[in-house]
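The residues making up each chain are set out below.
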Amino acid sequence: MQKALIARGMRDFLPEAMRRRRRVIEILSAVFERFGFEPVETPALERLETLEGKYGEESDRLIYRVLKRGQGGEEGESDLGLRYDLTVPLARLVAMNPDLPLPFRRWQIQPVWRADRPQRGRYREFLQCDVDVVGSSSPVADAECIAVVDAALTALDLGEFEIRVNHRRVLRAMADVTGVGHKETDVLVALDKIERVGREGVDAEWAARGLPPRATARLWALLDLAPAAARPLDALAALEPALSEEGRAAVRDLERILHLVGALGVPEARIRFDPTLARGLDYYTGAVFETVVVAPRIGSLSGGGRYDRLVGTFLGRDIPAVGVSLGLERILAVIEEAGTLGGPTAPARVLVAALDDACLPAALEASARFRAAGQSTWVAPEPLPMKKALRQADRRRIPFAAVVGPDEAAAGTTFLRRMADGAQWVLPAADLLPHLEAGPPTPDATG
RNA sequence: GUGAGUGUAGCUCAGUUGGUUAGAGUGCCAGGUUGUGGCCCUGGAGGUCGUGGGUUCGACUCCCAUCACUCACCCCA
């Protein structure tokens, strides 16, 4: 015999989990549609050259590669890879469909694959839920991306969350004006860890990366102009005069976005300007966002930003774009932690069983009537003694049991028992449905 | 890719300084009379102690390797 094992970082979803996932997906896609985004799907596999070089050197190594068919594969060559995110495939799709009317607003919920080590809330195959606006450089597009995240997380009743925003060019300006523009990456990589390692930790890493103390002192002075507690627009206003012209332009861009976000109805308290927010993906060029919750300490729930150069790598001319990605697995982790899930679920409203073989046809006729009336019906394929029929219904949390025995079959009736309180009836076919419909709602975690 | 920890019944875990037939709870199955679930009582099935070596008279227990999982780092959804 072979031992049954699932591949590392991959998961099966049992019915209980599937019901939760589908419910969240339904809510998200409804919000996306409400914002006027259109659905799209792209293949799991992309040509390797489409994927490579878009995410940064580190991330390229996390792309799953597929061996070539035939001779090349035996020699270890690969030409295809599993998609690493939904943004790069979107850029490819837009470049291949020049007739699409721009701006193109699309939503997409599909799995992506990353070959890193699994951890809490982190898997090798996971579902991303993306919305993007391609073909507009207006800050309205940025603002809508923030607003749709806010609407989605609000619709899911996730509790408290915070959307952090920053701007790639603000970061660059901070490095420039402190004289370490040539070490921008070193500045960012260390700064991004501030929440985990604190100021001292960042200082230590900056020093280790060869930044002169004079520069790091000036960086801190800049960062202190925009304290975390401050209202985002105040923080931006305080920082602006200290930056280069490029940085000031970026600040103004962010200010416009935040004003528009407010106009779209997002409470100001949800937004925080975070000058330490860097984000890893190479393709971002402007505003960047990230959503975090306080509750379980997992990574961000969503991430995104503006990427005005990505489509151009496939097209030869740039098309501006901005988008966000919500992580379904992390959303579910938060929902589960918050316990807003309700109890276990039932596979059906009524269980139908026959006491012996001769009664099966009559039982099936009853099930057909239930189903025709839209009631989900679980049929016991083998005849069951009364005790077992009720036990099955009880353990599956099915609220009603309908049983046909010799007496009922002879009389043309069905025995119906309401499991919650033990009320029971023997009824002709025509009288069954009102009793079913009047009963307690079918237990369902997703309401 | 780096570091640490854990692997005993379907599930959650006990298992004393190495010593006879490896336990509990839960779940599962069957009973507690006639066509009635949950609660209670009784009984039962179920384990190559992750796998492979080694040390020893003797290994679930000690050592090595290997695999799997978990957590942290890196990075991210």
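Residues numbered from 1 in each chain as written. Chains lettered and ligands numbered in written order. Predicted model: local features only at pLDDT ≥ 70, side-chain atom pairs only at ≥ 80, totals over all residues. Heavy atoms only, no water.

A. Local environment of the pattern of salt bridges. The final tally for this structure, using the stated rule, is 28 salt bridges. Between Glu-144 and Arg-105 there is a salt bridge, and its shortest N-O distance comes to 2.7 Å. Taken as a pair, Glu-144 in helix H6 (residues 139-155) and Arg-105 in strand S5 (residues 104-113) lie far apart in primary sequence, 39 residues in all. For Glu-144, a relative accessible area of 15% gives the class buried. Connected through shared salt-bridge partners, Asp-186, Lys-193, Glu-205 and Arg-209 make up one network. (Salt bridge = Lys/Arg side-chain N within 4 Å of Asp/Glu carboxyl O. Helix = DSSP H or I, 4+ residues; strand = E, 2+ residues; numbered from the N terminus. Buried < 20%, exposed > 50% of the residue type's maximum accessible area, 1.4 Å probe, protein only.)

B. Structural context of the sheet that holds strand S3 (residues 65-67). Strand order across the open sheet formed by three strands is S2-S4-S3, with antiparallel pairing between neighbours. A single partner strand is all that each edge strand has here, and the edge strands are strand S2 (45-47) and S3. Sheet twist, expressed as the average angle between the axes of neighbouring strands with direction ignored, equals 45°. Here S3 runs beside strand S4 (residues 78-82); their pairing, made up of three bridges, is antiparallel. Opposite Leu-67, over in S4, you have Ser-78 as the bridge partner. (Pairing = 2+ DSSP bridges. Axes fitted to C-alpha atoms, helices over the stretch in contact; angles between N-to-C directions.)

C. Seen up close, helix H5 (residues 87-96). Of all the ten residues making up H5, nine are buried; the element is thus mostly covered by neighbouring parts of the structure. Along H5, the residues that are buried comprise Thr-87, Val-88, Pro-89, Leu-90, Ala-91, Arg-92, Leu-93, Val-94 and Ala-95. Close packing links the buried residues of H5 with S2, helix H2 (48-51), S5, strand S6 (125-134) and helix H13 (312-315). (Contact = heavy atoms within 4.5 Å.)

D. View of a positive patch on the surface. Together, Lys-387, Lys-388, Arg-391, Arg-395 and Arg-396 give the surface a local cluster of positive charge. Within the secondary structure, Arg-395 is located in helix H16 (residues 386-395). Arg-395 sits in the exposed class, given a relative accessible area of 55%. (Patch = residues over 30% accessible without salt bridge, like charges linked within 9 Å, V, L, I, M, F, W, Y side chains within 5 Å. Areas by Shrake-Rupley, 256 points an atom, 1.4 Å probe, with all protein chains shown as cover. Lys, Arg positive; Asp, Glu negative; His and termini not counted. Charge placed at Lys NZ, Arg CZ, Asp CG, Glu CD.)

E. Quick peek at the side chain of His-167. On the secondary structure map, His-167 appears in strand S7 (residues 161-167). Reaching out from His-167, the side chain makes a polar contact with the backbone nitrogen of Arg-169 at a distance of 3.1 Å. Every residue in contact with His-167, bar those within four places of it in the chain, is listed here: Ala-250, Asp-253, Leu-254, Thr-285, Gly-286, Ala-287 and Val-288. (Polar contact = N/O pair within 3.5 Å; in protein donor to acceptor, adjacent residues only side chain to side chain.)

F. Local environment of the packing of aromatic side chains. Within the structure shown, the criterion is met by six aromatic pairs. An angle of 50° between the planes, with centres 5.1 Å apart, marks the rings of Trp-206 and Trp-220 as tilted. Residue Trp-206 is found in helix H9 (residues 194-208), and its partner Trp-220 is found in helix H10 (residues 213-224); the two are separated by 14 residues along the sequence. Connected via pairs of aromatic rings, a cluster forms that spans Tyr-55, Tyr-84, Tyr-283, Tyr-284 and Tyr-307. The positively charged end of Arg-11 is found above the aromatic ring belonging to Tyr-123, 3.4 Å away from the centroid. When the ring centre of Phe-37 is taken as reference, the NZ or CZ atom of Arg-105 above it lies at 4.4 Å. (Phe/Tyr/Trp six-rings, centres within 6.5 Å; stacked < 30°, edge-to-face > 60°. Lys NZ or Arg CZ within 6 Å of the ring centre and 35° of its normal.)

G. Representation of the side chain of Asp-150. By the element assignment, Asp-150 lies in helix H6. Each residue touching Asp-150, except ones within four places of it in the same chain, is listed here: Phe-161, Ile-163, Val-266, Pro-267 and Arg-270.

H. Quick peek at helix H15 (residues 360-372). For H15, with 13 residues, the first-to-last C-alpha span of 18 Å sits near the 18 Å given by 1.5 Å per residue. Along H15, the residues classified as buried are Leu-360, Ala-363, Ala-366, Ser-367 and Phe-370. Along the long axis of H15, the arc covered by the buried residues comes to 120°, so they all point the same way. Taken from the residues just after H15, Gly-374 is the one with a positive phi, measuring 85°. (Expected span 1.5 Å × (residues − 1). Arc of directions from axis to C-beta.)

I. Expanded view of the packing of helix H11 (residues 232-239) against helix H12 (residues 245-263). As a packed pair, H11 and H12 sit with axes 10 Å apart at the nearest point and diverge in direction by 165°. Our classification of the angle between H11 and H12 gives roughly antiparallel. When you trace H11 past H12, the crossing you get is left-handed. Contacts between H11 and H12 involve Pro-232, Leu-233, Leu-236 and Ala-237 from the first element and Val-251, Leu-254, Glu-255, Leu-258 and His-259 from the second. Considering only residue class, the contact of H11 with H12 consists of seven nonpolar, one polar and one charged. (Parallel < 35°, antiparallel > 145°, perpendicular 65-115°, else oblique. Left-handed = near helix turned anticlockwise from the far one by under 90°. Nonpolar A, V, L, I, M, F, W, Y, C, P; charged D, E, K, R; others polar.)

J. Structural view of unusual backbone geometry. Here the bond from Leu-102 into Pro-103 is cis, since omega is -5°, no more than 30 degrees from zero. With respect to the helices, strands and loops of the structure, Pro-103 is situated in the loop between H5 and S5. A positive phi is found at Asp-157, a non-glycine position, where the angle reads about 60°. Topologically, Asp-157 is positioned in the loop between H6 and S7. Although it is not a glycine, Arg-397 sits at a positive phi angle of roughly 60°.

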